[in-house]
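A closer look at the structure
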Amino acid sequence: VFYLSSPMRFGDLPIEVIRSIASFIGWLCLTPVCRRFWQALRLKCIRRVKEPPSIALFEKALCHGVISITFQLKGCDTEPRLTTTQLAPLTILSQSTTLNFLTLHFPNHNLGNGGCTQIASLAQCRSLTSLSIDLTFNSINDLGAHELQALRTLPHLMQLNIDLKENEIGNGGVKGLVQLYNLPSLTNCSLGLAYNIFDCEGVKFLCEVPQPPKLRSLTLDLTGNAIDDDGIQHLCALRLVPTLTALHLNLSNVDLSEEAMQMLGGFADCSLQHLNLNLGQSNIDDEGLKYISTLRNATHLQSLSLNVMENCVGTEGLRYLRALAQIDSLKTLTLCLSSVTHMADVVSDDDIFPGNLIVSDLATPLNLATNLQCLHLCLKDTGIDDKGAYILADSISKATHLRRLNLCLIGNLLTVKGCTFLRDSFIKATWLQSLCAYLKDNEFRPSDANKLDVQQQSPTSTSICTQADESDVQEQTQDQQKQDCWLLDGLQLPHKQIDFVTNYCECCGVESDSELSDTDADDDDESLEPDSTSSDADSQNGDDHSLGED
Ligand SMILES: [Zn+2]
Ligand SMILES: [Zn+2]
């Protein structure tokens, strides 16, 4: 209730804060408390999407004890890019004693190594607990990476994300960056090193984790680097880090040999609880999947995410993937098969739909893996038609063990008929607590809904995205837009959980991110100004302070 009536958006707060107040949602009697808390929080958070850092802003932040600052400023060809000197005000923040969360996302600005030096000045900010830096495509080389290692003295940092995708970091730079593992309080660390210039030696440095006392979650994005079997072998050493419970390895666009796959299968033999392997575009085949399926023997895994997008698989390979759903301890499985080609398609005549084969080869894990509670199945762009939808629908209506289902069928060949199969199975699946279906870019139009005899019942809030085509939808009146949700009408899921965060499938919807930030920008500039859009409740309180007034 309270977040809907507030002019500030939920997503503006750090996720930790959202988590801690989320449990109040829905308790009407607590709403006034939440509102006051919310207003207090608004004064402690600064979010700037389109402006560079400024001395005035930071001085204000210092004097008001701001706890969270977010900058998201993406460089593009049409707007002037940030210069290194524009980051100089960051030094002021090192004096803060209250700042916990800092996000500095400056992709595509050509900041160079100097940008890293400016950011490294934050090493004196003792209050920081969470730091997220995005310096994608900024002409940074080993020197810049060495500058960033100054951050290893931050005494209370628990969460560190550094994205250095598309720079020129070599083995020496990686060696510098891994010094950050030494942060004394670090529990979550994410290093984005996609498309840089290091090789197997760099990977070796990355995996020599020097016994960090508290590191629980490690994410390494190594997309598109020159990593051979030796490199993969180094990566497998990570399974020996005793504190680690979650590991996310992005090896997409890295050629993976059968030996490499065999080594990755070795993660079955470790105490990891959460494993996320992105093996998209990696030239793996059924034989490779056979090796990875040894993960079937893992004893501690609670969640497994496997992305094999843009590879070619056959019936055998899908059988191996299916086996993964039956890991005894597994509760959550994410399988991304976006743009996967079925081997049968390569040799077959035109009338075989490869997507339907993928569905019929895979659909049974929905039914067989009775331990599984959460399933995210992404089948984007796989050529599934109504027949495939029927098979899927049939499996869903039998998978009584599932509690959460995310089903992505973006960019397939479903018509109204196929969607109706799915819709009917959703209605039957009363055991589902949460359901997201993504059906954008299929063969139906929102207006097709008229052809269906859909009973108009009370609107439901399960998130299902059915927009046939973005441009079409924009031209429509609101009434017509309502029809986009025709698939929802009549859904009667008990205890439905509203998924208000995701409008796009996690593994497919990258581009939607920037659009979101852009629209947010207009609303968010208010955080330090008097609240001009006060609702009734605000005016009743009458004591709305804001930093702007002081
Ligand atoms: Zn998807
Ligand atoms: Zn996907």
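No experiment lies behind these values; they were computed from the predicted model shown.

Attention shifts here to the overall build of the protein. Along the backbone of the protein there are 22 helices and 17 strands. For the protein, the proportion of its 550 residues judged to be buried stands at 53%. For the protein, contacts bridging at least 24 residues in sequence account for 85% of all contacts bridging at least 6. Carbon and sulfur atoms make up 50% of the accessible area of the protein, which totals about 24200 Å².

What the rule picks out here adds up to seven salt bridges. Among the ionic pairs, K380 bridges to D381, the shortest N-O distance being 4.0 Å. With a closest N to O distance of 3.0 Å, R423 and D424 form a salt bridge. Judged by its relative accessible area of 33%, D424 is partly exposed.

What follows concerns the environment of N406. Examined against the element boundaries, N406 turns out to sit in strand 15 (residues 404-408). Residue classification places N406 among the buried positions, given a relative accessible area of 16%. On a C-alpha basis, the gap between N406 and L375 in space is 6.3 Å, while along the polypeptide they are 31 residues apart. Dropping the residues within four chain positions of it, N406 is found in contact with L375, H376, L377, C436 and Y438.

On the surface, a cluster of negative charge is made up of D199, E201, D228 and D230. With respect to the helices, strands and loops of the structure, D199 is situated in the loop between strand 6 (188-192) and helix 9 (200-207).

Tracing the chain through its elements places F426 in helix 18 (residues 416-428). Accessibility expressed as a relative area gives 0% for F426, which makes it buried. C-alpha separation for the pair F426 and L405, spaced 21 residues apart in sequence, amounts to 9.9 Å.

Judged by which residues are buried, strand 1 (residues 45-48) turns out to be covered on both faces: C45 and R47 on one side and I46 and R48 on the other are all buried. Two elements, strand 1 and strand 2 (residues 68-72), share four bridges in a ladder whose sense is parallel. Pairing of I46 across the sheet is with I69, part of strand 2. Handedness of the β-α-β unit built from strand 1, helix 4 (residues 55-63) and strand 2 comes out right-handed.

On to unusual backbone geometry. Backbone geometry at N108 places phi at a positive 65°, although glycine is not the residue there. With a phi angle near 55°, S139 is a residue other than glycine that sits in the positive phi range. The residue S139 is located in the loop between strand 4 (130-134) and helix 7 (142-148) in this model. In this structure S139 comes out as partly exposed when scored by relative accessible area, which is 34%.

What follows deals with helix 17 (residues 386-396). Along helix 17, the residues classified as buried are D386, G388, A389, L392, A393, S395 and I396. Capping the start of helix 17, D385 holds a side-chain oxygen 3.0 Å from the backbone nitrogen of K387, two or three residues further along.

Next up on the list: the pairing of strand 15. With four of its five residues buried, strand 15 lies for the most part within the structure. Relative to strand 15, strand 14 (residues 374-378) runs parallel, the two sharing five bridges. Each bridged residue has a counterpart across the sheet, and for C378 the counterpart in strand 15 is C408. With helix 18 bridging strand 15 and the parallel strand 16 (residues 434-438), this β-α-β connection has right-handed handedness.

Scoring rules and cut-offs
- Residues numbered from 1 in each chain as written.
- Chains lettered and ligands numbered in written order.
- Predicted model: local features only at pLDDT ≥ 70, side-chain atom pairs only at ≥ 80, totals over all residues.
- Heavy atoms only, no water.
- Helix = DSSP H or I, 4+ residues; strand = E, 2+ residues; numbered from the N terminus.
- Buried < 20%, exposed > 50% of the residue type's maximum accessible area, 1.4 Å probe, protein only.
- Contact = heavy atoms within 4.5 Å.
- Areas by Shrake-Rupley, 256 points an atom, 1.4 Å probe, with all protein chains shown as cover.
- Salt bridge = Lys/Arg side-chain N within 4 Å of Asp/Glu carboxyl O.
- Patch = residues over 30% accessible without salt bridge, like charges linked within 9 Å, V, L, I, M, F, W, Y side chains within 5 Å.
- Lys, Arg positive; Asp, Glu negative; His and termini not counted.
- Charge placed at Lys NZ, Arg CZ, Asp CG, Glu CD.
- Pairing = 2+ DSSP bridges.
- Right-handed = clockwise from strand over helix to strand, strands pointing away.
- Polar contact = N/O pair within 3.5 Å; in protein donor to acceptor, adjacent residues only side chain to side chain.

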